[in-house]
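The lines below spell out each chain.
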Amino acid sequence: DFNKFSILASELIDRKIDFSKDEISVILKNKVTLITGGGGSLGSSLVKNVLQSNPKKIIIIDNNEYNLFKIKEELRKLNIFYNNNNTSLDYKLISINDYSGLENIFIENKPDLIFHAGAYKHVNLLENNIYSAYKNNISGSFNLIKLSREFNCERFIFISTDKAVNPTSIMGKTKRIIENYITFIQSQNLDQYFSIVRFGNVINSNGSVIPIFEKQIIDRQPITLTHPDVTRFFMSIDEAINLVLETLRYKKNVIYVLNMGKPIKILDIAKKLVSIYGLKIKDSDNPNG
């Protein structure tokens, strides 16, 4: 239920951020924009936001057929709502590991802006799938960066994670490697601009712990925590997407992060979710929870 997650986001995140939407719209207007992972939770939200600025074209890349179909249907309805007939939408069912396929997309479209949101993100799953994590998150990203340089794209924005800071997981390490590479590229003083946006945990995104907790609560199963003292920084999808777009205004830094206040205990989030569903935690004080 989307409304439940909206309530949860407002309860968890006590901050108000003003974004420069008019200025960002001017930057995006009439540009050819390529978005990887465009059918995912973050990528699809980014596509919808960019569409509102009347770009010349949006190229939506995803290797998941259902996700690509879903965003296509959503955008068809949005286009009617916005009466946005000037923006061309191109849906590419392709893996970023397919270099020749990507190269053809760059040859045909010569994109101005690249938003690289596509990645494998499930931390625990990637621990046992190291080669797949390398192939997609590292090799695939190298393909995009190489083509962006070759075709002289104006901006390349890499969606990263706070798990890339002193990484302890395979997922975090794959992101850190690309961060280091982008930092090196940007140090060469190119006409192009490569930057990184680091997210905390995005509420209700694919890979977020919250949908997992929700399913456990609905199924009346035990809620699984790695450790009761684990904390995370959280942000809403709206904050995440607006942060990415806000960086279009700047060329001072390579890495951008959102000040997300204090970290929140995962245990407290689980308790809030239980309460939102009108239930109570089962413990020694409440055996019927």
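In case you missed it, the structure is sitting above this.
The structure reproduced in this document is the subject of the present report.

Conventions adopted
- Residues numbered from 1 in each chain as written.
- Predicted model: local features only at pLDDT ≥ 70, side-chain atom pairs only at ≥ 80, totals over all residues.
- Heavy atoms only, no water.
- Axes fitted to C-alpha atoms, helices over the stretch in contact; angles between N-to-C directions.
- Helix = DSSP H or I, 4+ residues; strand = E, 2+ residues; numbered from the N terminus.
- Parallel < 35°, antiparallel > 145°, perpendicular 65-115°, else oblique.
- Left-handed = near helix turned anticlockwise from the far one by under 90°.
- Contact = heavy atoms within 4.5 Å.
- 1 Å grid on protein atoms, 1.4 Å probe; cavity = no way out; pocket = protein on both sides within 12 Å on 5 of 7 lines; lining within 4 Å.
- Points joined across faces, edges and corners; volume = space filled by probe spheres on them.
- Pairing = 2+ DSSP bridges.
- Buried < 20%, exposed > 50% of the residue type's maximum accessible area, 1.4 Å probe, protein only.
- Salt bridge = Lys/Arg side-chain N within 4 Å of Asp/Glu carboxyl O.

1. Details of the packing of helix α9 (residues 209–218) against helix α11 (residues 266–276)
Running from N to C, α9 and α11 cross one another at 45°; their axes reach a closest spacing of 10 Å. Our classification of the angle between α9 and α11 gives oblique. Read as a crossing pair, α9 and α11 show a hand that is right-handed. Between α9 and α11, the residues in contact are Val209, Ile210, Phe213, Glu214 and Ile217 and Ile266, Ile269, Ala270, Leu273 and Val274, respectively.

2. Some words on the environment of Asn201
Following the sequence through the fold, Asn201 ends up in strand β7 (residues 201–202). Through-space distance from the C-alpha of Asn201 to that of Ile237 is 9.5 Å; in sequence the pair is 36 residues apart. The residues touching Asn201, leaving out its near neighbours within four places in the chain, are Lys163, Arg232, Phe233, Phe234 and Met235.

3. Digging into empty space enclosed by the protein
Summed over all chains, the structure comprises one cavity of 30 Å³ or more. A volume near 40 Å³ is recorded for the largest cavity. Around the largest cavity, the lining residues are Leu42, Leu46, Ala117, Ile159, Phe199, Ile241 and Val244. Going through the elements one at a time, α3 (41–51) and α10 (237–246) are the ones with two or more residues in the lining of the largest cavity.

4. Here we look at the sheet that holds strand β4 (residues 113–116)
The pairing of strands in a sheet happens through backbone hydrogen bonds and is either parallel or antiparallel. Strands sit in the order β3-β2-β1-β4-β5-β6-β10 across an open sheet of seven strands; the sheet is parallel. Unpaired on one side and paired on the other, β3 (88–93) and β10 (255–257) mark the two borders of the sheet. Taking the axes of each pair of neighbouring strands and ignoring which way they run, one obtains an average angle of 20° across the sheet. Bridge analysis of β4 against strand β5 (residues 155–161) gives four bridges, and the strand direction is parallel. Bridged to Ile114 within β5 is Phe156. Along the sheet, α3 makes contact with β1 (32–36), β2 (57–62), β3, β4 and β6 (193–199), crossing β1 at roughly 165°. Here α10 sits on the sheet in contact with β4, β5, β6 and β10, set at roughly 160° to β6.

5. Notes on the pairing of β4
A regular strand places its side chains so that they alternate between the two faces of the sheet. Residues Leu113 and Phe115 line one face of β4 and the alternating positions Ile114 and His116 line the opposite face, and both faces are buried. Pairing geometry for β1 and β4, over four bridges, is parallel. Following the sheet pairing, Thr33 is matched in β4 by Leu113.

6. Some remarks on the side chain of Ser44
Secondary-structure assignment places Ser44 in helix α3. With residues up to four places along the chain from it excluded, the contact list for Ser44 reads Gly37, Gly38, Gly39 and Ile71.

7. A word on the pattern of salt bridges
Scanning the entire structure with this criterion turns up eleven salt bridges. One salt bridge connects Arg249 with Glu23, and the closest N-O pair in it is separated by 3.1 Å. Pair noted here: Arg249 is in the loop between α10 and β10 and Glu23 is in helix α2 (residues 21–28), with a separation of 226 residues, a long-range link. Assessed through its relative accessible area of 41%, Glu23 is described here as partly exposed. The partner of Glu154 in a salt bridge is Lys31, and the shortest N-O contact between them spans 3.2 Å. One end of the pair, Glu154, is in the loop between α7 (130–150) and β5; the other, Lys31, is in the loop between α2 and β1, with 123 residues separating them in the sequence. For Glu154, a relative accessible area of 36% corresponds to the partly exposed category. Each of Glu23, Glu246 and Arg249 takes part in a single network of salt bridges with overlapping partners.

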